[in-house]
Amino acid sequence: METINDWENPSLTNKNRLTPRAYFMGYESAELASTRSRELSRGFVQLSGPWQFRLFPGPRAVPSRVLSEYVAEWDTVEVPHLWQVDGYGSLAYTDEGFPFPVEQPLVPSDDPTGIYQRIVTMPSLCPTSRYVLRLDGVESYAEIYVNGVFVGMTKGSRLSAEFDVTDFLSEGENLFVVKVLQYSDGTYIEDQDMWWASGIFRDLYLMERPAVRLEDFCVRTHRVDGSAHVTLDVKTNGAARVEWGVSAPGEKCARTEAKDGHAELVIEDARFWNPEDPFLYDMLITVFGPEGPSEFVPHRLGLAEVTIEGGHILLNGTYFKMRGVNRHDHDDHAGRAVGLARMRRDLELMKRHNINAVRTSHYANDPRFYELCDEYGIMVLAETDMESHGFENIGNIAMITDDPSWEAAYVDRIERLVMQERNHASIVIWSLGNESGYGCNIRAMYSRAKELDGRPVHYEEDRDAETVDIISTMYSRVSQMNDFGEHPSPKPRINCEYGHSMGNGPGGLSEYQEVFDRWDSIQGQFIWEWCDHGLAATTDDGRPYHKYGGDSGDYPNNGNFCIDGMVFPWQEPSPGLTEYKQVVCPVKIAYDALPGELTVTNGRWFTTLDDVLITLETVVDGIPVTTQTLSPGAVKPGAHAVFPVRVEAARTGETLLTVRVHTTTARAWCDPLYQIGVYQFPVALHPRPSMAAPATPALSVAEDELTLTVSGAATSVVFSLVSGEISSWRAAGREVLASGMRLGFWHPLIDNHQQEFDALWQPNFINVMQTSTRSVTWERVGAAVAVSVEQRIAPPVCAFGMRCRLVYTVFPSGRIDLGVNGTPYGDYHEIIPRIGVSFELPGEDRAVEWYGRGPGESYPDSLAANVIGRYASTVDAMFTPYVFPQDCGNHEQVRWVALRARHGHGLLVTRPTDAAKNPFSFSAWPYTCEDIDSARHASDLVRRDAVTVNINDKILGLGSNSWGSEVLDSYRIRFEEFSFALSLRPLLSADIEQALTQIEEG
């Protein structure tokens, strides 16, 4: 009969692991407790740091002696870590598929097994104390040995585990050994769309627990008319009595004593916790033994009560909405071994981007993360360590979720999370996990969660909320969400995943937000996801890049599907996060120019606008000319205030009102006057007076067999009579262009258009369309010369295309107007990436100035964060460093753009007329489209000498269809009839203003 291994037995969740409890530290004095520094807690021994390490191919290959004998010759690794990230074993990434044959609960016999050894010196041991080893994260199965004796084992990679090691310790040197298996039966419920990687990836440490001690506590708040009725339940070992105190600077102190493990106190005029004002009281539990105080346990107490009433979630009796993100633990140098500084920085970035909620997808976090959420004011959808998504690949995602033999494993996961974290004010909802189907084990988990704590419970795949308290969906389209709002469920609804942030995007967030804001029954949304999972690497010749699936030889893999965050791996916000910040800005501004009224709406839920300052800029042709400020004052949540604001329009040019919203209060995550939002409104548009171009001699035309040369005092333009392109354009003694202009419908593929590429563009060869020039003719038009080019642009294989006509009108001043039109033929009329022209400029023309949306990149369905103005940058700085290179750097609603060399010469592009009414978009890259399309990593891109410029008459919206919403109809462009015009002017030094107002005669 085959032996049942402990790591292949789902009914066995641990051996000798201590009962889960609240996360806390005990201190020897109240003064030490007030520091809340765990390093100063009683007998704390930090075991993170150097460990001896060796990786074996499987558990059977581990010699028994290494569990009891120290091997100094082994490698040294720094724990916390993941051994694959440190170069041991193989990294692998799959979205949902298990990386081994599915035969649950069995895992491969070739199961990489790491042995960690460390000598821990204990100078002295108190004979009445207990010594506890705590591991906050080890994947996926761990056995503990001290001085050669087996202590216990644990599963549940992202859940803390404690072991009493007292009886195995001796004074002096002690050998600690941790045996870690990469795979176990637990792996089947830890398939969470991330790198398959293993090791001791969170801190581990020793704690001394006195004979008389606190074993556990649970504190709850109940709000009664502004007062907080707070209860405390404690479990102790040998305590004579327990005192409990709650205090805060400037607040009344409340103290009481626990009787029979229970205590109650009332805080009058209490200051309740909420994400906008995350006020925390200092709480201290003092445990007394026969001889006096034996232990002091601190806790930062947020007064928070979550209830559901009338189909709505309430926090302390107040309705709210969650503007959230899904967050995995990730560091681009350490993988899931995320340190405290990285966690803090994540939360600071969230607060700086108006995010008030986080879903801990899809596992429990480091216990300190929840403390930080209390501190910063981030509501938590606290998910436990649960996902069995890989079973979907074999046709039954609920295979083990609806199998009673797995109940113990499932229930263990939620029990350990709730018991450890239920004292946190920031947790508003528990979550049973993710994408594991539905069945009896979900019902058992729900029951256990509700036994332990009263907060609402979420699980998305209980689709109709048969069991759980929250009805939830993933990636519902805007129209679906609106339907849900029109026909509300009796239970609160959230969208636990949407807006897939893979690469460039997501687009369409504003339309989603309009629906979320419209319906009270929709109480939260969580972007997928927070951070790209790229791992830092360098090429053999030292060029940096970030790895994703397949880069380590792993197969099967899901490629760059893990590069799907709103934060780059190096913790820099992406343009998508900047857009989300504006879309969820909690202070809403509207302006009506006719009566001159500015309406300020408080979109917060708990606090007034006392801390808000609004700056109003009058902007003329992109340049601020006047500034004023106003303070909205104590506008209550959900209310609005109207202020008289009259903007004097300029006599000529385009006048806009730009409104910036600032917070005046310094916080842990921002300095005073930090901008939390920006809005812009049109005021007036009066044409600028035009001036005639200086008189210049007439143009001469010379034609030979292959070229047509149009020359004047200010310019010389050579056209190829074969291709119709400009082969040379000289002005002021220099070449204006490095290559001719090409009309096109393609740009580098972005992740969010991959499904369109697979279904439409690749089968129809849209990405490799060919240009066929049918004729090149010319004529004089007054003082100008017009060159007409007839072309067919069509894909190979297929029988459709576009009949195009490009007319270049060369003026004596040196200006060239380009008129373009196209008429489709054949049966393809579907969406395309763009309609525009591309060309190259000399490599020295890298300074960019433009009047349009900025400063960041924008697309038709992602432009709320970037207002119209006059901006300056460089070609290199404008290229967005997506981990997987793709189209980027587009700027919408542009009136003009100039690219110049340092001495000022260059090119100005605008519309011939009505540029403000008929703007275009542009991008400029130090690479070609082909370079970007063929690159798979940033290191594949080599900076070109020439600059690629794309002028787009229309460009397709982004959407989030890498795993989400298609581009909305209003942002689609199709292979249909079109026409547009551009005006191109050589620039001589700083003559932009003159060039903009110049008109041509004749």
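The structure this text deals with has already been given above.
About the criteria used
All residue numbers refer to position in the chain's written sequence, counted from 1. Given that this is a predicted model, residues contribute local features only at a pLDDT of at least 70 and side-chain atom pairs are listed and counted only at 80 or more, while totals for whole chains, interfaces and linings are drawn from all residues. Note that the side-chain values use all heavy atoms of the structure and ignore hydrogens as well as water. Pairing between strands is defined by DSSP: at least two bridges between them are needed. A run of DSSP states H or I qualifies as a helix once it reaches four residues; a run of E qualifies as a strand once it reaches two. Both are numbered from the N-terminal end. Helix axes are fitted to C-alpha atoms over the stretch in contact, other axes to C-alpha atoms as well, and angles between N-to-C directions run from 0 to 180 degrees. For this analysis, a salt bridge means a side-chain nitrogen from Lys or Arg found within 4 Å of a carboxyl oxygen belonging to Asp or Glu. Each residue is placed in one exposure class: buried if its accessible area under a 1.4 Å probe, protein chains only, is under 20% of its type's maximum, exposed if it is over 50%, and partly exposed if it falls in between. We call a set of buried residues a nonpolar core when its members are Ala, Val, Leu, Ile, Met, Phe, Trp, Tyr or Cys and they connect through side-chain atoms within 4.5 Å of each other. In what follows, a contact means two residues having at least one pair of non-hydrogen atoms within 4.5 Å. Here a Phe, Tyr or Trp ring, Trp counted by its six-membered ring, pairs with any other such ring whose centre lies within 6.5 Å, and the pair is stacked when the planes are under 30 degrees apart, edge-to-face when over 60, and tilted otherwise. For classification purposes, an angle smaller than 35 degrees is called roughly parallel, one larger than 145 roughly antiparallel, one from 65 to 115 roughly perpendicular, and anything else oblique. When residue character is reported, Ala, Val, Leu, Ile, Met, Phe, Trp, Tyr, Cys and Pro are called nonpolar, Asp, Glu, Lys and Arg charged, and the others, Gly included, polar. For a helix, the expected span equals 1.5 Å multiplied by the residue count minus one. We call a pair of cysteine sulfur atoms a disulfide whenever their separation is within 2.5 Å. Charge convention: Lys and Arg are scored as positive, Asp and Glu as negative, and His as well as the terminal groups of each chain are ignored. Working rule for handedness: look at the near helix, and if it is turned counterclockwise from the far one by less than a right angle, call the crossing left-handed; if clockwise, right-handed.

## Focus: the sheet that holds strand S64 (residues 978–987)
One open sheet accounts for nine strands, arranged S52-S53-S54-S55-S64-S61-S60-S57-S58; its pairing is antiparallel. Because the sheet does not close on itself, it has two edges, and the strands there are strand S52 (770–781) and strand S58 (867–874). Strand-to-strand twist across the sheet, computed as the mean angle between neighbouring axes with direction ignored, equals 20 degrees. Where strand S57 (residues 847–854) lies against strand S60 (residues 896–900), five bridges are found, and the strand directions are antiparallel. Directly across from Ala-847, in S60, lies its bridge partner Arg-900.

## Some details on the pattern of salt bridges
Within the structure shown, the criterion is met by 63 salt bridges. One salt bridge in this structure joins Arg-21 and Glu-162, with 2.7 Å as the shortest N-O distance. Remark: Glu-162 occurs in strand S11 (residues 161–164) and Arg-21 occurs in the loop between strand S1 (14–15) and helix H1 (30–35); sequence separation between them is 141 residues. Judged by relative accessible area, Arg-21 falls into the buried class, the value being 9%. Looking at Glu-162, the relative accessible area reads 7%, which means it is buried. Ionic pairing is found between Arg-241 and Glu-257, a salt bridge with its closest N-O pair at 3.7 Å.

## What about the nonpolar core?
Counting 96 residues, the largest nonpolar core has Leu-432, Trp-530, Tyr-580, Val-587, Ile-589, Leu-598 and Val-659 as its most contacted members. Considering each element in turn, this core owes the most residues, six residues, to helix H4 (residues 407–421). Once residues lying within four places of it in the same chain are set aside, the contact partners of Leu-598 are Ile-589, Ala-590, Tyr-591, Leu-616, Leu-630, Ala-641, Val-642, Phe-643, Val-645, Leu-657 and Val-659. If you look at the next biggest cluster of nonpolar residues, it comprises 78 residues, including Met-741, Phe-839, Ala-924 and Trp-925.

## Side note on the sheet that holds strand S26 (residues 318–319)
Sheet strands pair via backbone hydrogen bonds, and the direction of the pair is either parallel or antiparallel. Taking strand neighbours across the sheet as the criterion, the three strands line up as S24-S25-S26 in an open arrangement whose pairing is antiparallel. Taken across any chain shown, the strands that pair with only one partner, and hence form the sheet edges, are strand S24 (306–309) and S26. Across four bridges, S24 lies against strand S25 (residues 312–315) in antiparallel orientation. Note on S25: the bridge partner recorded for Glu-309 is His-312.

## Describing the packing of aromatic side chains
One pass over the full model with this rule turns up 43 aromatic pairs. Ring centres of Phe-100 and Tyr-183 lie 5.0 Å apart, and the angle between their planes is 70 degrees; on these two criteria the pair is classed as edge-to-face. With Phe-100 in the loop between strand S5 (92–94) and strand S6 (113–122) and Tyr-183 in the loop between strand S12 (172–181) and strand S13 (190–191), the pair connects residues that are 83 residues apart, well separated along the chain. Each member of the pair Phe-100 and Tyr-183 is classed as buried. Seen in terms of ring centroids, Tyr-188 and Trp-406 are 6.5 Å apart; in terms of plane orientation they differ by 80 degrees. Their pairing is edge-to-face.

## Description of the packing of helix H6 (residues 478–486) against helix H7 (residues 509–518)
Across the interface, H6 lies against H7 with an axial gap of 9 Å and an inter-helix angle of 5 degrees. Between H6 and H7, the angle falls in the class roughly parallel. Between H6 and H7, the residues in contact are Val-478, Met-481 and Asn-482 and Glu-511, Tyr-512, Val-515, Phe-516 and Arg-518, respectively. Looking at side-chain class alone, the contact of H6 with H7 contains five nonpolar, one polar and two charged residues.

## Section: the pairing of strand S46 (residues 700–703)
Across four bridges, the pairing between S46 and strand S47 (residues 707–711) is antiparallel. From the neighbouring strand, Ser-700 faces S47, where its bridge partner is Ser-711. Taken together, S46 and the strand that follows it, S47, pair antiparallel across an intervening segment of three residues.

## Points about helix H2 (residues 340–352)
Helical geometry: 3.6 residues make up each α-helical turn, so side chains three or four residues apart lie on a common side. Its 13 residues place the ends of H2 18 Å apart at the C-alpha level, agreeing with the 18 Å of an ideal helix rising 1.5 Å per residue. By the burial criterion, the buried members of H2 are Arg-342, Met-343, Asp-346, Leu-347, Glu-348, Leu-349, Met-350 and Lys-351. At its buried positions, H2 is contacted by strand S27 (322–326), strand S28 (357–359) and helix H3 (367–376). One or two positions beyond H2, positive phi appears at Asn-354, with a value near 65 degrees.

## Focus: the environment of Trp-605
Following the sequence through the fold, Trp-605 ends up in the loop between strand S39 (597–602) and strand S40 (612–620). Since its relative accessible area comes to 23%, Trp-605 is described here as partly exposed. With 439 residues separating them in the primary sequence, Trp-605 and Thr-166 have C-alpha atoms 50 Å apart. Each residue touching Trp-605, except ones within four places of it in the same chain, is listed here: Glu-276, Thr-318, Tyr-319, Phe-320, Lys-321, Arg-323 and Pro-637.

## A short note on the state of the cysteines
One pass over the full model with this rule turns up zero disulfides. Free of any disulfide, Cys-888 has its nearest cysteine sulfur in Cys-929, 11 Å distant. Relative accessible area serves as the criterion here: at 16%, Cys-929 is assigned to the buried category.

## Observations concerning the side chain of Arg-42
For Arg-42, the location among the structural elements is in the loop between H1 and strand S2 (45–46). Although buried, Arg-42 forms no salt bridge, and the nearest oppositely charged side chain, Glu-28, lies 4.2 Å from it. Ignoring sequence-local partners within four residues, the contact set of Arg-42 consists of Gly-26, Tyr-27, Glu-28, Met-207, Glu-208, Pro-210, Ser-294 and Glu-295.

## Details of the packing of H2 against H3
At a closest axis distance of 10 Å, the pairing of H2 and H3 adopts a crossing angle of 35 degrees. Remark: the crossing between H2 and H3 carries right-handed chirality. Within the contact between the two elements, H2 uses Leu-340, Met-343, Arg-344, Leu-347, Glu-348 and Lys-351 and H3 uses Arg-368, Phe-369, Leu-372, Cys-373, Glu-375 and Tyr-376. Of the residues assigned to the contact of H2 with H3, the class counts are seven nonpolar, no polar and five charged.

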